[in-house]
Amino acid sequence: MIFNQSRYVELPTEQGNSHMVLFVKKIGVVGAGAMGHQIADIMALNEKQVIIKDVNMELVNKALRNVEKLLDDLVGFHITKADREIERIEKQDGVMLTEEQKKKIRERLRPTYDEERKKEIMSRIKGTESWDGFRDVDLVVEAIAENIDAKKELFRRLDEICPRHAILATNTSTLSITEIASATQRPQRVIGMHFFNPPVTLPLIEVIAGLETSEETVNDIIDFAQTLRNHRYFMQPICVKETPGFLVNRILGAMLREAFACYEENVASLRDIDLAMKAGAGMPMGPFELADLIGIDILYQVDESMKRMQGGLLQQRPIQIIKRMYYARRWGRKTGRGFYEYPSVETG
Ligand SMILES: NC(=O)c1ccc[n+]([C@@H]2O[C@H](COP(=O)([O-])OP(=O)(O)OC[C@H]3O[C@@H](n4cnc5c(N)ncnc54)[C@H](O)[C@@H]3O)[C@@H](O)[C@H]2O)c1
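Residues numbered from 1 in each chain as written. Predicted model: local features only at pLDDT ≥ 70, side-chain atom pairs only at ≥ 80, totals over all residues.

Observations concerning the overall build of the protein chain
Okay, so step 1: Along the protein chain, the regular secondary structure elements total 13 helices and 10 strands.
Okay, so step 2: In summary, the protein chain has a C-alpha radius of gyration of 22 Å against a globular reference of 20 Å for 348 residues, a match within 12%.
Okay, so step 3: Taken over the C-alpha atoms alone, the protein chain extends approximately 65 × 60 × 45 Å along its principal axes.
Okay, so step 4: The 348 residues of the protein chain split such that 37% are buried.
Okay, so step 5: Put simply, of all contacts in the protein chain between residues at least 6 apart along the chain, 65% involve residues at least 24 apart. (Helix = DSSP H or I, 4+ residues; strand = E, 2+ residues; numbered from the N terminus. Rg over C-alpha atoms; globule rule 2.2 N^0.38 Å. Buried ≥ 20, exposed ≤ 12 C-beta atoms within 10 Å, placed from the backbone. Contact = placed C-beta atoms within 7 Å.)

Below you can see the structure in the form of structure tokens.
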């Protein structure tokens, strides 16, 4: 491939060679909700300039406060790392460390993130309700509501506003990349970048090409995503075919649907189904705990939009319980009540 040098940067590989990676200086994030604010956090953490947009400044400012909270947690984790290690060694191994040994541990586990670094990261994120900051972005990650008409309208606007070289990525969980791209004059530069909640700790990104997405765009996004770190790991992009539910949600959806069916058929109690999948299948969370975390509203919308799409070997099972909970606003953790209750959540 012939590289346009100004858009690529040479990075060393682990094997000692070098590799050309798309140079992304500024990223636009549209939609400052559950996913958008975390995507902005990750990009700013990786030295990118970020502009994050929502429909009003109230939502934008809430997202900025949420990013600050995430970074506070990260700083807290790093600042206490050495003390936790000292406590672990002394308690678990029953060894009393000398001051000299403690000093060595503190030096070895010096915090990578501190207050100063947090401020630096925050300073790279600008919030907006207008389009002004999008005229010089290199990449946009869209994370607005899972609605095809809203996404197409947004991509039509982005196509008008963003520079010609910019790649427009969508974080859609289920919608067709090809259909979203059809609203633009640059379908070759439209792609799916599907992050998983919470992206600050889960490293997977499903990269999905639409029918018209160019190979260059796919390679650029895979290479770029591999350079990113979240709060714990390097991000791990994988290529996935454009198919309903893509990969993870297709498999996860089948498992959740079976769990809901077992619940409706009274195969076991809700708590026991969760326990069974943790204690018997090694899952870190039970299906109902996971459903409350994802959000019943999201599961309902995802199911509805997957039903509208063609193809995919989806097991069709009735999930009446999700539909009823959706209309009762029992949306899980976010509304304080789903399969379980979350009394500390502010609702309203
Ligand atoms: N929540 C998850 O677990 C999850 C995981 C992976 C992918 N996704 C996908 O990410 C996207 C966003 O999901 P979310 O959970 O963050 O939603 P959310 O409801 O928390 O946030 C969406 C935000 O977009 C804003 N918005 C809506 N229309 C807009 C527009 N035209 N311009 C600017 N802002 C607009 C809303 O005001 C809201 O703040 C969806 O496509 C969803 O399918 C969600």
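Having seen it, we continue.
Quick word on the sheet that holds strand β8 (residues 190-195)
Okay, so step 1: Pairing is mixed across the open sheet formed by 8 strands, whose spatial order is β5-β4-β3-β6-β7-β8-β9-β10. Two strands lie at the open edges of the sheet, namely β5 (125-128) and β10 (236-240), each paired on one side alone. The mean angle between the axes of side-by-side strands here comes to 25°, regardless of whether they run parallel or antiparallel.
Okay, so step 2: As defined by bridge partners, β8 adjoins strand β9 (residues 204-209) across 5 bridges and the pair is classed as antiparallel. Following the sheet pairing, Gly192 is matched in β9 by Ile208.
Okay, so step 3: The strands that helix α2 (residues 57-79) touches are β4 (49-53) and β5; relative to β5, the one it contacts most, it runs at about 160°. (Pairing = 2+ DSSP bridges. Axes fitted to C-alpha atoms, helices over the stretch in contact; angles between N-to-C directions.)

Section: the packing of helix α10 (residues 270-279) against helix α11 (residues 287-294)
Each pair of packed helices can be summarised by the angle the axes make with each other and by the distance between the axes.
Okay, so step 1: Where α10 meets α11, the closest approach of the two axes is 7 Å, and the angle between their N-to-C directions is 100°. When the axis of α10 is compared with that of α11, the two are roughly perpendicular. Together, Leu270, Ile273, Asp274 and Met277 of α10 and Pro287, Phe288 and Glu289 of α11 make up the contact between the two elements. (Parallel < 35°, antiparallel > 145°, perpendicular 65-115°, else oblique.)

Details of α10
Okay, so step 1: Among the residues of α10, Ile273, Asp274 and Met277 are the ones counted as buried. Seen end-on, α10 carries its buried residues on one side only, within an arc spanning 100°.
Okay, so step 2: The elements touched by buried residues of α10 are α9 (248-264) and α11. (Arc of directions from axis to C-beta.)

Comments concerning the environment of Asp54
Okay, so step 1: Tracing the backbone through its elements, the reader meets Asp54 in the loop between β4 and α2.
Okay, so step 2: Through-space distance from the C-alpha of Asp54 to that of Gly36 is 9.3 Å; in sequence the pair is 18 residues apart.
Okay, so step 3: Other than its neighbours up to four places away in sequence, Asp54 contacts Gly31, Ala32, Leu59, Val60, Ala63 and Glu129.

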